[in-house]
Amino acid sequence: MTLHRKTAFAYAVILALVASLNYLPIPGIVDAEGRTFGIFALDIYDDALHIASALWALVAGVLSTRASRMFLILFGALYFLDGLLGTYAGSGFLDLGIFTWGVLDISYTLKFLSSVPHLLLGGFALYIGFKR
């Protein structure tokens, strides 16, 4: 099994876990205001996006190395760009937040912290996707 396929399978697991965070009965994951880890305001749209991405990763990993590379490159580009926009605006385009809420009036620190997962997941996916 190639690095690309292994990475696609890993992304399927990671994204499925992210989608399940709001529903795990583990103290400290979701705060009283409904924010995951006190930072992320995940909703049903975010969960659906993460599940769809997990399924895309799983299907790509099952199909082939080429499909896995395409997943990693496309997913990586979309998630990384969403993270860059989130760093600036506090909302992204994948969940349509930039169109719904626009630029949020929150601290830059919170904007950055809430964007880090997309920057890291997207950046790493791009790195592996372009790796031969």
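Structure's up top.
Chemist: I keep staring at the packing of helix α2 (residues 44-63) against helix α3 (residues 65-89) and nothing clicks. Help me out?
Modeler: The geometry of a pair of packed helices is captured by two quantities: the angle between their axes and the separation between those axes. At a minimum axis distance of 7 Å, the contact between α2 and α3 shows a crossing angle of 155°. Comparing the axis directions of α2 and α3 gives the class roughly antiparallel. Touching Leu-49, His-50, Ser-53, Trp-56, Ala-57, Ala-60, Gly-61 and Leu-63 of α2 are Ala-67, Ser-68, Phe-71, Leu-74, Phe-75 and Tyr-79, all from α3. Of the residues in the contact of α2 with α3, the class split is 10 nonpolar, 4 polar and no charged.

Chemist: What's the story with α2 in this structure? I'm lost.
Modeler: Residues three or four positions apart in an α-helix share a direction because the helix packs 3.6 residues into each turn. Given a rise of 1.5 Å per residue, 20 residues ought to cover 28 Å, and the 28 Å separating the end C-alpha atoms of α2 matches this to within 8%. When we look at burial in α2, the residues that qualify are Asp-46, Asp-47, His-50, Ser-53, Ala-54, Ala-57, Ala-60 and Gly-61. Down the axis of α2, the sector holding all buried residues measures 155°, keeping them to one side. The outward face of α2, more than 90 degrees from its buried face, is lined by the exposed residues Ile-44, Tyr-45, Leu-55, Val-62 and Leu-63. On its buried side, α2 packs onto α1 (3-20), α3 and α5 (108-130).

Chemist: So what exactly am I meant to see when it comes to the packing of α3 against α5 here?
Modeler: Two numbers describe how α3 lies on α5: the axes approach to 7 Å, and their chain directions differ by 160°. Here α3 is positioned roughly antiparallel relative to α5, judged by the angle of their axes. Relative to α5, α3 is oriented so that their crossing is left-handed. Of the residues that constitute the contact of α3 with α5, the class distribution is 17 nonpolar, 9 polar and 3 charged.

Chemist: How should I be thinking about the packing of aromatic side chains in this particular structure?
Modeler: Under the criterion given, the structure shown has 7 aromatic pairs. Both rings, one in Tyr-11 and one in Phe-75, keep their centres 5.5 Å apart while their planes meet at 80°; by these two values the pair is edge-to-face. Here Phe-75 lies in helix α3 and Tyr-11 lies in helix α1, a separation of 64 residues in the sequence. Residue Tyr-11 is classed as buried on the basis of its relative accessible area of 3%. Three or more aromatic residues link up through ring pairs in this structure, and these residues are Tyr-11, Trp-56, Phe-71, Phe-75 and Tyr-79.

What counts, and where the lines are drawn
- Residues numbered from 1 in each chain as written.
- Predicted model: local features only at pLDDT ≥ 70, side-chain atom pairs only at ≥ 80, totals over all residues.
- Heavy atoms only, no water.
- Axes fitted to C-alpha atoms, helices over the stretch in contact; angles between N-to-C directions.
- Helix = DSSP H or I, 4+ residues; strand = E, 2+ residues; numbered from the N terminus.
- Parallel < 35°, antiparallel > 145°, perpendicular 65-115°, else oblique.
- Contact = heavy atoms within 4.5 Å.
- Nonpolar A, V, L, I, M, F, W, Y, C, P; charged D, E, K, R; others polar.
- Expected span 1.5 Å × (residues − 1).
- Buried < 20%, exposed > 50% of the residue type's maximum accessible area, 1.4 Å probe, protein only.
- Arc of directions from axis to C-beta.
- Left-handed = near helix turned anticlockwise from the far one by under 90°.
- Phe/Tyr/Trp six-rings, centres within 6.5 Å; stacked < 30°, edge-to-face > 60°.

From the geometry alone we can't say anything about function, so treat these as descriptive.
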